[in-house]
Amino acid sequence: MATNPQEPASEGAPNSPSLADILFRDFKAMGVARDGKFHFKHLVTRRRLVLDEAGVAYGYDASGMYTPIDLADALRAVYPANDPSPFGA
């Protein structure tokens, strides 16, 4: 299991891309919010990926507030259904 979010676990995939590689390849940086979270927009789906500086992903909860979520779940939510996330999620 990966301990560094920029180096995800790559069982069976020794050349798995880092989170930084994925962000530069597949996302447009939208800016930094007042709370310090970085907002990225997927170039194809235009769905947002929200990360903090430690690489923790965030999503909206039922009350409309950001809450930490699993990075694989966040990537699944932004990639097209026919294009699984680069982490094999």
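Basis of the calculations
Residues numbered from 1 in each chain as written. Predicted model: local features only at pLDDT ≥ 70, side-chain atom pairs only at ≥ 80, totals over all residues. Heavy atoms only, no water. Buried < 20%, exposed > 50% of the residue type's maximum accessible area, 1.4 Å probe, protein only. Helix = DSSP H or I, 4+ residues; strand = E, 2+ residues; numbered from the N terminus. Pairing = 2+ DSSP bridges. Arc of directions from axis to C-beta. Contact = heavy atoms within 4.5 Å. Polar contact = N/O pair within 3.5 Å; in protein donor to acceptor, adjacent residues only side chain to side chain.

Colleague: Residue-level account of the pairing of strand 2 (residues 38-42), with values.
Modeller: A large share of strand 2 lies buried, amounting to four of its five residues. Sheet analysis places strand 1 (residues 27-32) next to strand 2, joined by five bridges and oriented antiparallel. Paired with Ala 29 across the two strands is Phe 40, which belongs to strand 2. Count of turn residues in the strand 1/strand 2 antiparallel hairpin: five residues, of which Gly 36 carries a positive phi of about 90 degrees. Of the strand pairs in this sheet, strand 2 and strand 3 (residues 48-51) are connected by four bridges, and their pairing is antiparallel. The residue bridging Phe 38 from the neighbouring strand is Leu 51, located in strand 3. Between strand 2 and strand 3, which follow one another and run antiparallel, lie five residues, and Arg 46 among them has a positive phi close to 65 degrees.

Colleague: Please provide a residue-by-residue account of unusual backbone geometry, values included.
Modeller: The backbone of Arg 46 shows a phi angle near 65 degrees, a positive value even though the residue is not glycine. Within the fold, Arg 46 resides in the loop between strand 2 and strand 3. What makes Arg 46 exposed here is its relative accessible area of 56%.

Colleague: Can you break down helix 2 (residues 71-78) residue by residue, with the values?
Modeller: For an α-helix, 3.6 residues make a turn, and residues three or four places apart therefore share a direction. Where helix 2 is concerned, the buried positions are Leu 71, Ala 74, Leu 75 and Val 78. All buried residues of helix 2 project into a common sector of 95 degrees when viewed along the axis, lining one side. The inward-facing, buried residues of helix 2 contact helix 1 (19-26), strand 1, strand 2, strand 3, strand 4 (57-60) and strand 5 (66-69). Its side-chain oxygen at 3.1 Å from the backbone nitrogen of Ala 72, Asp 70 defines the N-terminal cap of helix 2.

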